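Spelled out from the first residue to the last, the chains are:
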Amino acid sequence: MWGRDLPIKLEPSWLVPLAAEFEQPYMEQLGAFLLSQKHAGKRVLPRIDELFNAFSHTPLSRVKVVILGQDPYHGDGQAHGLCFSVRPGVPVPPSLKNIYKELHAELGLPIPVHGYLAAWADQGVLLLNSVLSVEYACAASHQGKGWETFTDRVIDVINREREGVVFMLWGSYAQRKGAIIDAKRHCVLKAPHPSPLSAHRGFFGCGHFIAADKYLQDTGVTPIDWALPAQPIPL
């Protein structure tokens, strides 16, 4: 199923620790579910070949920062496998607008007119959703199908095999998911979610981008350049 009907587009450094997951019953059930959705004519987002886009952009050996999201966007043309990011030409979603506001407040960076975050991912920011797929126009429709177990395993791999990674845990969901992270080996930053419903409760003013870069610099790692290109690089 996986690898035959559903491509496993995992970058090699991720495939080594995660390959065995695709033989586990929960992943077989997830694969069967995705194929049943496809055969039923339902539109799965992002495209099947983009499910593992976050891993393609950010090899395990290059992970510096992890930002945890929950579900992919379920609107037209939005999801492409990186949490909070949308394709070029798609309006910037509200939560990402608030992320940009916080970046501007902390670092004085201009607020981008697009929402394409591949430039962050290519520098080592793993933009990881907990659930990697969704049905078009049906929010949270693929929760509880197995993705959460898979991405728990991803976090466990980073926690054990890397050191000095910055985890940005925004909102209670991300903070529960990140509970396994060893704060002695990594930098764990917590704040409310940047959603318009909660950003004013402490996301604004959290200082996470300054804190992340300082931690990376202090550990001898090149910090992230959070400034995005004025025009997104085409897909």
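All residue numbers here refer to positions counted from 1 along the written sequence of the relevant chain. It should be noted that, the model being predicted, local features are given only for residues of pLDDT at least 70 and side-chain atom pairs only at 80 or more, the latter also being counted only at that level, while totals for whole chains, interfaces and linings use all residues. No hydrogens and no water enter the side-chain calculation; it runs on all heavy atoms of the structure.

By the secondary structure assignment, Gln37 is in helix α2 (residues 25-39). Partly exposed describes any residue whose relative accessible area lies between the buried limit of under 20% and the exposed limit of over 50%, with all areas from a 1.4 Å probe on protein chains only and scaled to the type maximum. Judged by its relative accessible area of 9%, Gln37 is buried. If sequence neighbours within four positions are ignored, Gln37 has contacts with Lys42, Val44, Glu135 and His142. Put simply, DSSP H or I for four residues or longer makes a helix, DSSP E for two residues or longer makes a strand, and each gets a number counted from the N terminus. The contact definition used throughout considers only heavy atoms, calling two residues in contact when any of these lie within 4.5 Å.

Moving on, we get to the packing of helix α4 (residues 94-107) against helix α8 (residues 208-218). The convention used is that axes are lines fitted to C-alpha atoms, helices contributing only their stretch in contact, and that angles between N-to-C directions extend from 0 to 180 degrees. Contact geometry of α4 with α8 gives a least axis separation of 8 Å together with a crossing angle of 60°. Contacts from Ile99, Glu102, Leu103, Glu106 and Leu107 of α4 reach α8 at His208, Phe209 and Ile210. Throughout this entry, Asp, Glu, Lys and Arg are counted as charged residues, while Ala, Val, Leu, Ile, Met, Phe, Trp, Tyr, Cys and Pro are counted as nonpolar. The remaining residues, Gly among them, count as polar. Of the residues contributing to the contact of α4 with α8, the split by class is five nonpolar, one polar and two charged.

On to the packing of α2 against helix α6 (residues 147-161). The geometry of α2 relative to α6 is characterised by a closest axis approach of 9 Å and an angle of 130° between their N-to-C directions. Between α2 and α6, the angle is such that the two are oblique. Crossing of α2 against α6: the hand is left-handed. In contact with Tyr26, Met27, Leu30 and Leu34 of α2, α6 contributes Trp147, Thr149 and Phe150. Of the residues belonging to the contact of α2 with α6, the class tally is six nonpolar, one polar and no charged. The cut-offs work like this: below 35 degrees is roughly parallel, past 145 is roughly antiparallel, 65 to 115 is roughly perpendicular, and the gaps in between are oblique. Crossings are sorted by hand: turned counterclockwise from the far helix by less than a right angle, the near helix makes the crossing left-handed, and turned clockwise it makes it right-handed.

To continue, consider the pattern of salt bridges. The working definition used for a salt bridge is a side-chain nitrogen of Lys or Arg within 4 Å of a carboxyl oxygen of Asp or Glu. A full pass over the atoms with the stated rule returns eleven salt bridges. With a shortest N-O distance of 3.1 Å, Asp49 and Arg47 are connected by a salt bridge. Taking the relative accessible area as the measure of exposure, Asp49 reaches 34% and is therefore partly exposed. Close ionic contact of Lys177 with Asp152 constitutes a salt bridge, the shortest N to O distance being 2.6 Å. Of this pair, Lys177 sits in helix α7 (residues 172-177) while Asp152 is found in helix α6, placing the two residues 25 residues apart along the sequence. What makes Lys177 buried here is its relative accessible area of 10%. Each of Glu21, Arg153, Asp156 and Arg160 takes part in salt bridges that share partners, so that together they form one network.

The next thing to look at is the sheet that holds strand β6 (residues 187-191). The four strands are arranged β3-β2-β5-β6 in an open sheet whose pairing can be described as parallel. One side of each edge strand has no neighbouring strand; the edge strands of this open sheet are β3 (125-129) and β6. Taken pair by pair, the neighbouring strands of this sheet meet at an average axis angle of 20°, ignoring direction. For two strands to be treated as a pair, DSSP must find at least two bridges joining them. Of the strand pairs in this sheet, strand β2 (residues 65-69) and β3 are connected by five bridges, and their pairing is parallel. When the sheet's bridge partners are listed, Val65 is paired in β3 with Val125. Lying over the sheet, α8 contacts β2, β5 (166-170) and β6, oriented at roughly 165° with respect to β5.

Strand residues, when the strand is regular, have side chains that alternate between the two faces of the sheet. The buried count for β3 comes to five of five residues, which makes it a mostly enclosed element. Where burial is concerned, the two faces of β3 agree: the one with Val125, Leu127 and Asn129 and the one with Leu126 and Leu128 are both buried.

A few words on unusual backbone geometry. Residue Leu45 is joined to Pro46 through a cis peptide bond whose omega torsion reads -10°. With a phi close to 70°, Phe84 is a non-glycine residue in the positive phi region. By relative accessible area, Phe84 is classed as buried at 10%. Even without being a glycine, Ala137 presents a positive backbone phi close to 65°. Along the chain, the position of Ala137 falls in the loop between β4 (134-135) and α6.

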